[in-house]
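For reference, the chains in residue letters:
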Amino acid sequence: MNTGHTGEIAVCRDAALIADILRKSFITVADEFGYTINNASYFTAFITNEKVQKQLDAGFYAYIFTEDGQPAGTIGWYSESGKYIIERLAVLPEYRHRNIGKQLMEFAGNQIKKAGGNLIQLSLVDNNAQLKKWYQNLGYKITEIKDKQLAFKIAVMEKQLTVNITVN
C-alpha cells in the first residue's frame, strides 16, 4: 500500500524514541508467539531505554524513518570483529506494508558498504516464517540456527554485498 506520503531516514541518537518504536513494533510479534516479560524478558518488545542507550554509547549506528514528520520505523547496525550486523529493524504496525522496512534495509546496507563492509549478518526468531521469507526475498540466506535455551531458536542470516568493479 503506497499512500503517496514521503519518508525520510536520518541519524537518531534518542534512545527513548528508538526504544518506544521497538517496543510498539515488536509487541505484535510477542503477542503472536506468546512471549511475555516473564518468559522472554530479553525479547525486543521489552527493551529498555537504558539498553538502547548502552548500544548507542558503544558505537551502534541508529536511524529513524519518518513519514510526514512522524516516526514510523527504525534500524541500526554495528561492526564487530570485521562483521557488520544489522539490528533493531522495526516498523510501527500502522506504517507496515508501505516498503518502509525494505527502504531501511537498503539504507543500512548502503551505509555498511560505505563503511567498507561486504557481508551483513542479522538474527531473528527462527519460527517467524513470514519474516524469514521476507529477508530471503531481500537476498539473505540462513547460515545458522542457534538454540541458546531461550523461549525460541534464533536464525542467523547473511547477505553478501555486491562490489562494483570497474574495468578500464
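The rules behind each value
- Residues numbered from 1 in each chain as written.
- Predicted model: local features only at pLDDT ≥ 70, side-chain atom pairs only at ≥ 80, totals over all residues.
- Heavy atoms only, no water.
- Salt bridge = Lys/Arg side-chain N within 4 Å of Asp/Glu carboxyl O.
- Helix = DSSP H or I, 4+ residues; strand = E, 2+ residues; numbered from the N terminus.
- Buried < 20%, exposed > 50% of the residue type's maximum accessible area, 1.4 Å probe, protein only.
- Expected span 1.5 Å × (residues − 1).
- Contact = heavy atoms within 4.5 Å.
- Phe/Tyr/Trp six-rings, centres within 6.5 Å; stacked < 30°, edge-to-face > 60°.
- Arc of directions from axis to C-beta.

K.L.:
Mind laying out the pattern of salt bridges, listing which residues take part and the relevant values?
P.N.:
In total, this model carries 3 salt bridges according to the counting rule given. Close ionic contact of K24 with D20 constitutes a salt bridge, the shortest N to O distance being 3.1 Å. With K24 and D20 both in helix α1 (residues 15-33), this residue pair falls 4 residues apart, about one helical turn. Take K24: its relative accessible area is 46%, and that puts it in the partly exposed class.

K.L.:
Requested: an account of helix α3 (residues 100-114), with residues and values cited.
P.N.:
Helix length check: α3 (15 residues) gives 21 Å between terminal C-alpha atoms against 21 Å at 1.5 Å per residue, within 8%. When we look at burial in α3, the residues that qualify are I100, G101, L104, M105, A108, G109, Q111 and I112. As for α3, its buried residues are in contact with β1 (7-11), β2 (61-67), β3 (70-80), β4 (83-91), β5 (119-125) and α4 (129-137). After α3 finishes, the residue G116 shows a positive phi value of roughly 100°.

K.L.:
Can you explain the packing of aromatic side chains? Please cite residues and give values.
P.N.:
Centre distance and the angle of the planes are the two values used to describe a pair of aromatic rings. If you walk through the whole model with that rule in mind, you get 12 aromatic pairs. With 4.3 Å between their ring centres and 15° between their planes, Y61 and W77 make a pair best called stacked. Linking Y61 in strand β2 with W77 in strand β3, this pair joins segments that are 16 residues apart in sequence. What makes Y61 partly exposed here is its relative accessible area of 42%. Looking at W77, the relative accessible area reads 4%, which means it is buried. Site record: aromatic cluster; members linked through ring pairs are F26, F33, Y35, Y42, F43 and F152.

K.L.:
Account for helix α2 (residues 49-57), naming residues and giving values.
P.N.:
Taken as a whole, α2 has its buried residues at V52, Q55 and L56. Across the axial projection of α2, the buried residues extend over an arc of 100°, all falling on one side. Counted as exposed and oriented over 90 degrees from the buried face of α2: E50, K54 and D57. Elements in contact with the buried residues of α2: α1, β2 and β4.

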